[in-house]
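# Chain and residue survey
As a plain string of letters, each chain reads:
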Amino acid sequence: MSYKLGLLLSFFFMVQVLLFAGDLACIDAIHSELDAIAVTASYQISMNGELTEATKQLVHDEAGAEIYLISGSNAKLGESISFSVYRDYTPFIVSKEAVRISVRRTAIVGYFA
């Protein structure tokens with residue numbers, strides 16, 4: 001009889017561990033996706049010298065994320081522009097509220113030209 005109770009308790013804890021592992025895997029996948037789109041956005045910002053609507057639309061369409069500038073938008077050749085790409089994620093067990101996953105990057109204007 002006691003082994004059945006132990007089995008039920010272990011299933012309860014095992015489900016929690018699996019949900020936690022699922023959250024970590026999803027957060028890692030979203031972070032990797034944001035990192036990849038941030039590299040593409042950095043290239044476009046470097047070529048255009050500013051954050052354009054086309055870059056914002058690309059980030060939104062490809063990753064379902066938003067992008068915003070951290071530093072000023074008026075940069076000259078050779079200056080850097082800092083930006084952040086973020087996306088909200090509602091986890092299963094890590095938090096009751098949505099978690100904002102973000103990636104911060106810097107692009108140097110004219111570096112890839």
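Please refer to the structure higher up on the page.
Everything numeric here is computed off the predicted structure, so don't read it as measured data.

## Some points on helix 2 (residues 53–63)
Taken residue by residue, helix 2 has Thr55, Val59 and Ala63 as its buried positions. Viewed along the axis of helix 2, the buried residues span an arc of 40 degrees, placing them on a single side of the element. More than 90 degrees from the buried face of helix 2, the exposed residues found are Glu53, Ala54 and Asp61. In this structure, the buried residues of helix 2 make contact with helix 1 (2–48), strand 1 (66–69) and strand 2 (80–89). Where helix 2 ends, the next residue or the one after it, Gly64, has phi of about 65 degrees, a positive value.

## What to know about the nonpolar core
Grouped together as the largest cluster of nonpolar side chains are 20 residues, with contacts concentrated most on Leu34, Ile45, Val59, Ala65, Ile67, Phe83 and Val85. Among the elements that line this core, the one with the most residues is helix 1, at six residues. Apart from residues no more than four positions distant in its own chain, Val59 is found in contact with Ile37, Ala41, Gly64, Ala65, Glu66, Ile67 and Val85.

## Remarks on the pattern of salt bridges
All chains considered together, the criterion is met by four salt bridges. One salt bridge in this structure joins Glu53 and Lys56, with 3.6 Å as the shortest N-O distance. With a gap of three residues between them, Glu53 and Lys56 both fall in helix 2, about one helical turn apart. Of the residues examined, Glu53 reaches a relative accessible area of 59% and is grouped as exposed. Classification of Lys56 by relative accessible area gives partly exposed; the value is 32%.

## Side note on the environment of Thr90
Mapping Thr90 onto the fold places it in the loop between strand 2 and strand 3 (99–108). With 81 residues separating them in the primary sequence, Thr90 and Leu9 have C-alpha atoms 27 Å apart.

## Some words on the sheet that holds strand 2
On the basis of which strands lie adjacent, the open sheet formed by three strands has the order 1-2-3 and antiparallel pairing. At either end of the open sheet lies a strand with only one pairing partner, and these are strand 1 and strand 3. Along the sheet, successive strands turn relative to each other by an average axial angle of 25 degrees, direction set aside. Sheet topology places strand 1 next to strand 2; four bridges connect them, and they run antiparallel. Looking at strand 2, one finds that Ile67 is bridged to Val85. Docked against the sheet, helix 1 engages strand 1, strand 2 and strand 3, running at close to 25 degrees with respect to strand 3.

Quick notes on the rules
Residues numbered from 1 in each chain as written. Predicted model: local features only at pLDDT ≥ 70, side-chain atom pairs only at ≥ 80, totals over all residues. Heavy atoms only, no water. Buried < 20%, exposed > 50% of the residue type's maximum accessible area, 1.4 Å probe, protein only. Helix = DSSP H or I, 4+ residues; strand = E, 2+ residues; numbered from the N terminus. Arc of directions from axis to C-beta. Contact = heavy atoms within 4.5 Å. Core = buried A, V, L, I, M, F, W, Y, C linked by side-chain atoms within 4.5 Å. Salt bridge = Lys/Arg side-chain N within 4 Å of Asp/Glu carboxyl O. Pairing = 2+ DSSP bridges. Axes fitted to C-alpha atoms, helices over the stretch in contact; angles between N-to-C directions.

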